[in-house]
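Here's the letter readout for the chains.
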Amino acid sequence: MTLGELIASGARQLEQAGVAFGHGTTNAHDEAAWLVLWRLGLPLDSDLDSMKNQPVAPASQAQVATIFEERIATRKPAAYLTREAWLQGVPFYVDERAIVPRSFIAELIAGGGIDEFLSDQTRRVLDLCTGNGSLAVLAAMAWPEVEVTGADLSPDALAVARVNVDRHGLQERITLAQSDGLAALPGPWDLILCNPPYVNAASMAALPPEYRAEPELALAGGDDGMDFIRQLLADAPARMGENAVLVLEIGNERPYFEAAFPQLPVFWLETSAGEDQVVLVTRQALAAHHPHTAQ
Ligand SMILES: C[S@@+](CC[C@H](N)C(=O)[O-])C[C@H]1O[C@@H](n2cnc3c(N)ncnc32)[C@H](O)[C@@H]1O
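What comes next is a walk through the structure. Because the structure is a prediction, the values reported are computed rather than measured.

What counts and what doesn't
Residues numbered from 1 in each chain as written. Predicted model: local features only at pLDDT ≥ 70, side-chain atom pairs only at ≥ 80, totals over all residues. Heavy atoms only, no water. Axes fitted to C-alpha atoms, helices over the stretch in contact; angles between N-to-C directions. Helix = DSSP H or I, 4+ residues; strand = E, 2+ residues; numbered from the N terminus. Parallel < 35°, antiparallel > 145°, perpendicular 65-115°, else oblique. Left-handed = near helix turned anticlockwise from the far one by under 90°. Contact = heavy atoms within 4.5 Å. Near = heavy atom within 4 Å. Polar contact = N/O pair within 3.5 Å; in protein donor to acceptor, adjacent residues only side chain to side chain. Areas by Shrake-Rupley, 256 points an atom, 1.4 Å probe, with all protein chains shown as cover. Nonpolar A, V, L, I, M, F, W, Y, C, P; charged D, E, K, R; others polar. Pairing = 2+ DSSP bridges. Salt bridge = Lys/Arg side-chain N within 4 Å of Asp/Glu carboxyl O. Buried < 20%, exposed > 50% of the residue type's maximum accessible area, 1.4 Å probe, protein only.

### Section: the packing of helix α1 (residues 3-17) against helix α2 (residues 28-39)
Item 1. Direction vectors running N to C along α1 and α2 enclose 125 degrees, while the axes themselves pass 8 Å from each other. When the axis of α1 is compared with that of α2, the two are oblique. Every pair of crossing elements has a handedness; the one defined by α1 and α2 is right-handed. Within the contact between the two elements, α1 uses L3, L6, I7, G10, A11, L14 and E15 and α2 uses A28, H29, E31, A32, A33 and V36.

In structure tokens, the structure reads:
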């Protein structure tokens, strides 16, 4: 079999098994290519067109077959099998203790989509709900002059974040902290990035097994998905600098967000997923919304 035939055959198997995508790929071909290249020890950015006719030895074919069997039998996201996920061209270690990196905030950090809301005074950046640490790492890479704190409630997630901070040699610039929301994080922060648990209860009940393989703490946001966000928006203004902003991912929950905070003026930031997934809120807007908590 050739490399191209192995990928096509793997893609057919994934489709027939009805696996779900969304943890780094969006379709069977891309996921099959990822698994085949990884199993064969080839770079994930290989030029498949020029390599597709390369023959693959029977022993390697057998190894590839095993990884597809595992993907289909366990229904775990591919990244939990390969122990690696890529975001904005940056590799991250990942395992079942933390969610697979895929936040759309990563695009905004790397693409300059937040920069107009920052200034030369922006120094203290908080990645709240850091999980695997990917947004903290990308923030430290994008803004060399800032110091980043990555915080999470889960010690397991923080252990994964630690691997990624060390892997990228950012120990001097990124501090990891355990905190329930902002409770242990007085600030004042100049920028808060947050990809929180925001999946509503009905959506949680309908999630494919790939998402159930991830920590529930990372996804479940209560009945309307807004439990964590409600507390965060109330607590945030007192912990933000005068001109600070909060960048918050809310996934597909815009209707719930708008129902929960109808009076709050926000900026919807455009990502490859559209204009509904990430909001930016200024401290001033939050303080006006929660005047009693903004000291
Ligand atoms: C959707 S994941 C985001 C992970 C990572 N920032 C990313 O974008 O890939 C949400 C994270 O929030 C954490 N979390 C859940 N409840 C929390 C709380 N009350 N305080 C702090 N972190 C919390 C979870 O442990 C999980 O790591």
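Next comes the rest of the write-up.
### Some points on the site of the ligand
Item 1. Contacts to the ligand come from 21 residues, most closely from C129, D152, D180, G181 and N195.
Item 2. Taking N132, its side chain carries an N or O atom lying 3.0 Å from an oxygen atom of the ligand.
Item 3. Between the ligand and the protein, one listed contact pairs a nitrogen atom with a backbone N or O atom of L153 at 3.1 Å.
Item 4. A total of 600 Å² of accessible area belongs to the ligand in isolation, and the protein chains cover 95% of it.
Item 5. Across the shell around the ligand, the residue classes break down as 10 nonpolar, 9 polar and 2 charged.

### Topic: the pairing of strand β2 (residues 90-93)
Look at any regular strand and the pattern is simple: side chains alternate between the two faces of the sheet.
Item 1. As paired elements, strand β1 (residues 84-87) and β2 share 4 bridges and run antiparallel to each other. Counterpart to E84 in the pairing with β2 is Y93.
Item 2. Taking the residues between adjacent antiparallel strands as the criterion, β1 and β2 are bridged by 2 residues, where Q88 takes a positive phi near 55 degrees.

### What about the pattern of salt bridges?
Item 1. Throughout the structure, instances matching the rule amount to 15 salt bridges.
Item 2. Among the salt bridges present, the one from R167 reaches E84, with a minimum N-O distance of 2.7 Å. On the criterion of sequence distance, the pair formed by R167 in helix α8 (residues 155-167) and E84 in strand β1 is long-range, its members being 83 residues apart.
Item 3. Look at R167 and you get partly exposed, because its relative accessible area is 39%.
Item 4. With a relative accessible area of 17%, E84 lands in the buried category.
Item 5. Among the salt bridges present, the one from R230 reaches D224, with a minimum N-O distance of 2.4 Å.
Item 6. Relative accessible area serves as the criterion here: at 17%, D224 is assigned to the buried category.
Item 7. In this structure, a network of salt bridges that share partners links the residues E31, R71, R75 and E210.

### Structural notes on the packing of α1 against helix α4 (residues 58-74)
Item 1. At a minimum axis separation of 10 Å, α1 and α4 run at an interaxial angle of 20 degrees. On the basis of the axis angle, α1 is roughly parallel to α4. Pair α1 / α4 crosses with right-handed handedness. Between α1 and α4, the residues in contact are L6, G10, Q13, L14 and A17 and Q61, V64, F68, R71 and I72, respectively.
Item 2. Of the residues contributing to the contact of α1 with α4, the split by class is 6 nonpolar, 3 polar and 1 charged.

### Some words on the sheet that holds strand β6 (residues 189-194)
Item 1. Strand order in the open sheet made by the 7 strands is β5-β4-β3-β6-β7-β9-β8, with mixed pairing throughout. Two strands lie at the open edges of the sheet, namely β5 (174-178) and β8 (267-271), each paired on one side alone. The average undirected angle you get between the axes of adjacent strands in this sheet is 25 degrees.
Item 2. Note that strand β3 (residues 124-128) and strand β4 (residues 147-152) share 5 bridges and pair parallel. Residue pairing in the sheet places L128 in a bridge with A151 of β4.
Item 3. Across the sheet, helix α11 (residues 227-235) is in contact with β3, β6 and β7 (240-249); its angle to β7 comes to roughly 170 degrees.

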